[in-house]
Structure formats: C-alpha cells, structure tokens
Amino acid sequence: VTYLFEGEMDHADSLGVHETIYPGDVNLMTAGRGIVHSERTGPKARAAGQKMLGLQTWLALPKSYEQTDPAFSHTPSENLPAFDISGVQMRLILGTAYGHEAPVDLFWPTVYIHVEAEAGSQFDLPQEHEELALYPVSGRLEYDSTPVEPGQMAVLKTDEDKQTVKV
C-alpha cells in the first residue's frame, strides 16, 4: 500500500501498469505469485525539486491467497470516503470504519485511516476490528494515558468497549 501526504511518485510494473500517485490517492499492489515493480520520482517532479512524504505498508496475504495472480489498483483520493468524527477529519484508505467502506478490493477485513486533528481534540476508535494500531506521522497522540510519538507504532488493546485517542 502506498499513500502519500506530499509529493508524487510514478509506479511501473511487470503487468504493464504505469500510474502516478498523488497525495491522498491509494496504490495497492498484490504480489501474489510474483510481480516486478519500480517507484520513482517522475521527471517533472524531480525538476521541480519536490518534497515527498508518505507511507508504504506491506500487508501479508492470507495463506490461501499467497499464490494468487499479481494485481495493481489505483484509487484517486476523491473516490475515498472522507468524513468527520467528533471534529476530527478522516479519510478511509482501506477497509471499513464508522459506517464507511473504501472502494479498494482486499482479501481480508482491515482498516487504514488517515486522520487529521487539531491539538486538544479526541476521537473514539472504530470497534469492529480485531486488531488496531496507531502510527502518528506528525504530532503527538495519547492512548490509554501513554504518549505515542511520530514514527512510533502503538498496537492497541482491543478488548475494551470504547477506545479514545487524544491529540
């Protein structure tokens, strides 16, 4: 999964896909039984001296799909659900949460949300998932009275009825 906050990147692969990803878009590549790919800064972005900030996350396929056909999908940001929870702006990148569903095909239930929140705000986490984690890209979060700093991942307890994150 590639998700950018800033900048742009060109994807090319052995399936013949050539796609530029921009901030807020989602690229999902399924390796399956094999794919070769590259991701590069395109010539125009390189000439402009762009800054790039994003996340690239690897998701394991369920064992029964490990040898599936390789695939690639690109979802523009305007096709992703964007909504507000308790004054906090959210964009659903993958999966389901808060009654919304991202239009990205997956092999397993998941949730991946881009959250933008002002300092001092708080929000409750979605409750329909077995596993949850927080990863602040910038700013500081607090979960269960524990600070979570940028670049740290916090794996959360999921046995509680209501889980609140403080920004």
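Structure's up top.
Residues numbered from 1 in each chain as written. Predicted model: local features only at pLDDT ≥ 70, side-chain atom pairs only at ≥ 80, totals over all residues. Heavy atoms only, no water.

Peer 1: Give me the lowdown on the sheet that holds strand E5 (residues 37-40), citing residues and values where you can.
Peer 2: Taken together, the three strands give an open sheet; going across it, the order is E3-E2-E5, and neighbouring strands pair in antiparallel fashion. Edge strands, defined here as strands with exactly one partner in the open sheet, are strand E3 (18-21) and E5. Sheet twist, expressed as the mean angle between neighbouring strand axes with direction ignored, is 20°. Pairing geometry for strand E2 (residues 9-13) and E5, over four bridges, is antiparallel. Each residue of the ladder has a partner; that of Asp10, found in E5, is Arg40. (Pairing = 2+ DSSP bridges. Helix = DSSP H or I, 4+ residues; strand = E, 2+ residues; numbered from the N terminus. Axes fitted to C-alpha atoms, helices over the stretch in contact; angles between N-to-C directions.)

Peer 1: Describe the nonpolar core, and please don't skip the residues or the numbers.
Peer 2: Within the largest apolar cluster, 26 residues are counted, with the highest numbers of intra-cluster contacts made by Val26, Leu94, Leu125, Leu134, Leu156 and Val165. Those elements that place two or more of their residues in this core are strand E4 (26-30), strand E8 (82-85), strand E9 (88-97) and strand E14 (141-143). Broken down by element, the residue count for this core peaks at six residues, all from E9. Residue contacts for Val165: discarding those within four places in its chain leaves Ser121, Gln122, Phe123, Leu125, Leu134, Leu141, Glu142 and Tyr143. (Core = buried A, V, L, I, M, F, W, Y, C linked by side-chain atoms within 4.5 Å. Buried < 20%, exposed > 50% of the residue type's maximum accessible area, 1.4 Å probe, protein only. Contact = heavy atoms within 4.5 Å.)

Peer 1: Go over the packing of aromatic side chains, please, and point to the residues and values.
Peer 2: The tally for this structure, following the rule as stated, stands at four aromatic pairs. Here the aromatic rings of Tyr65 and Phe107 are separated by 4.6 Å at their centres, their planes lie at 50°, and the arrangement is tilted. Here Tyr65 is found in the loop between strand E6 (53-56) and strand E7 (71-75), whereas its partner Phe107 is found in the loop between strand E10 (100-101) and strand E11 (111-116), with 42 residues between them in sequence. Looking at Tyr65, the relative accessible area reads 36%, which means it is partly exposed. (Phe/Tyr/Trp six-rings, centres within 6.5 Å; stacked < 30°, edge-to-face > 60°.)

Peer 1: Quick one: what's the story with the sheet that holds E14, residue by residue and with numbers?
Peer 2: Ordered in space as E12-E17-E14-E15, the four strands form an open sheet in which the pairing is antiparallel. At either margin of the open sheet sits one strand with a lone partner, and together these are strand E12 (122-124) and strand E15 (146-148). In this sheet, neighbouring strand axes are inclined to one another by 30° on average, regardless of whether the strands run parallel or antiparallel. Where E14 meets E15, three bridges bridge the pair, whose relative direction is antiparallel. Bridging from a neighbouring strand, Tyr143 pairs with Thr146 of E15.

Peer 1: Outline the pattern of salt bridges, listing residues and values.
Peer 2: Inspection of every chain in the model, using the stated rule, returns three salt bridges. Measuring nitrogen to oxygen at the nearest pair gives 2.5 Å for the salt bridge that ties Asp69 to Arg33. Taken together, the residues span a long stretch of sequence, with Asp69 in the loop between E6 and E7 and Arg33 in the loop between E4 and E5 at a distance of 36 residues. Judged by its relative accessible area of 52%, Arg33 is exposed. Here Glu66 and Lys63 are joined by a salt bridge, their closest N and O atoms 3.8 Å apart. According to the relative accessible area criterion, Glu66 is partly exposed, its value standing at 36%. (Salt bridge = Lys/Arg side-chain N within 4 Å of Asp/Glu carboxyl O.)

Peer 1: How would you explain the environment of Gln122 if you had to name every residue and give the values?
Peer 2: Residue position: Gln122 is located in strand E12. Spatially, the C-alpha atoms of Gln122 and Tyr143 are 9.9 Å apart, while their sequence positions differ by 21 residues.

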